[in-house]
Amino acid sequence: MKEVRYFYVPNAAIHTELPTEEATHAVRVLRLKDGDDIFLMDGEGVFYEAIVTLAYQKHCFYEIKQQMPQSRTWKGHLHLAIAPTKDIGRIEWLVEKATEVGFDEISFLSCQFSERKVLRTDRVERIVVSAMKQSRKAWKPIVNEIVTFDQFMQRDVEGSKFICHCYNEITKKDFFSNLNNEKCSDDITIIVGPEGDFSIDEVRQAINNNYQSVTLGNSRLRTETAGLVAVMMANLAKRI
């Protein structure tokens, strides 16, 4: 069976040429030529069957044969906000796997106990696109720049909001049970702290901003594991 090749092309319906990075991969790595079939994804819910009309050097032109609108597999808007780990490879692994599972948006937080205060979102974007193509996700997750915890708390976030932490002195409810509560919105925001957790003042600040205090279970999870578990729980609870 011939391999199906997918390329990420924003606004694919109004263009006739692959973006430079995608074109370079198509021509130099995959060695596509005129007449080859390809599939495009616009990151906004539509796949396109297309044919290569001209391929040379760093250019690959195409003609769309048919549009294939996709159906969402989960309800609402799933948003993970997380403090990046000191080892950036661990957070990049999270981004890749969360995209494969399916979610809508990721934000990065600089917290009191954070060991990483900067992050290259351009690299994260490339990881998201690669995972989106490989897992055939029709919607590209939004990638936001890193902000301080205080700045994130000042945002007007709609829907149900949760903060995951490990402080025993603050009452916590089960995250998955809350997701299945009829009062829970389909729009979900869950925030996960850095190695060493949020500070207790940050947890209280979030609760004062209407975030619900939750736990992901009895196991003590690494930051990136907690982020992935949270995404998986939200995706499962809101599965169509």
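In this text the structure is predicted, and so the values were computed from the model without any measurement. (Residues numbered from 1 in each chain as written. Predicted model: local features only at pLDDT ≥ 70, side-chain atom pairs only at ≥ 80, totals over all residues. Heavy atoms only, no water.)

Across all of its chains, the model carries 4 aromatic pairs by this definition. Measuring from centroid to centroid gives 5.4 Å for Tyr6 and Phe39, while their planes differ by 25 degrees, and the two rings are stacked. Here Tyr6, found in strand E1 (residues 6–8), pairs with Phe39, found in strand E2 (residues 37–41); they are 33 residues apart in sequence, far enough to count as distant. Residues Tyr6 and Phe39 agree in their burial class; the two are buried. Site record: aromatic cluster; members linked through ring pairs are Tyr6, Phe39 and Phe47. Lying over the aromatic face of Trp139, Arg72 brings its terminal NZ or CZ to 5.0 Å of the ring centre. (Phe/Tyr/Trp six-rings, centres within 6.5 Å; stacked < 30°, edge-to-face > 60°. Helix = DSSP H or I, 4+ residues; strand = E, 2+ residues; numbered from the N terminus. Buried < 20%, exposed > 50% of the residue type's maximum accessible area, 1.4 Å probe, protein only. Lys NZ or Arg CZ within 6 Å of the ring centre and 35° of its normal.)

For the coordinates displayed, the defined rule picks out 15 salt bridges. For Lys86, the salt bridge goes to Glu115, with nearest N and O atoms at 4.0 Å. In this pair, Lys86 is assigned in the loop between strand E5 (78–82) and helix H2 (88–101) and Glu115 in the loop between strand E6 (105–110) and helix H3 (121–135), connecting sequence segments 29 residues apart. We classify Lys86 as exposed; its relative accessible area is 53%. A salt bridge links Arg120 to Asp122; the nearest nitrogen and oxygen atoms lie 3.0 Å apart. Here the salt bridges share partners, and the residues they tie into one network are Asp37, Glu49 and Lys65. (Salt bridge = Lys/Arg side-chain N within 4 Å of Asp/Glu carboxyl O.)

Once that is clear, we can look at the packing of H2 against helix H7 (residues 223–237). The contact between H2 and H7 brings their axes to 9 Å, and the two run at 10 degrees. As judged from the angle between their axes, H2 and H7 are roughly parallel. Taking contact as the criterion, the partners of Arg90, Trp93, Leu94, Lys97, Ala98 and Val101 in H2 are, on H7, Glu224, Gly227, Leu228, Val231, Met232 and Asn235. Within the contact of H2 with H7, the residues separate by chemical class into 7 nonpolar, 2 polar and 3 charged. (Axes fitted to C-alpha atoms, helices over the stretch in contact; angles between N-to-C directions. Parallel < 35°, antiparallel > 145°, perpendicular 65-115°, else oblique. Contact = heavy atoms within 4.5 Å. Nonpolar A, V, L, I, M, F, W, Y, C, P; charged D, E, K, R; others polar.)

Of all hydrophobic cores here, the largest spans 34 residues; its most connected members are Leu80, Phe108, Phe175, Leu179 and Ile190. Here this core takes 7 residues from H7, the largest share from any one element. Within the second largest apolar cluster, 17 residues are counted, among which are Phe149, Phe152, Val157 and Tyr211. (Core = buried A, V, L, I, M, F, W, Y, C linked by side-chain atoms within 4.5 Å.)

We now examine the pairing of E2. Counted residue by residue, E2 has 4 buried out of 5 residues, so it is predominantly covered. Where E1 meets E2, 3 bridges bridge the pair, whose relative direction is parallel. Each residue of the ladder has a partner; that of Tyr6, found in E2, is Phe39. Once the chain exits E1 it traverses helix H1 (residues 20–29) before rejoining the sheet at E2, and the crossover so formed is right-handed. (Pairing = 2+ DSSP bridges. Right-handed = clockwise from strand over helix to strand, strands pointing away.)

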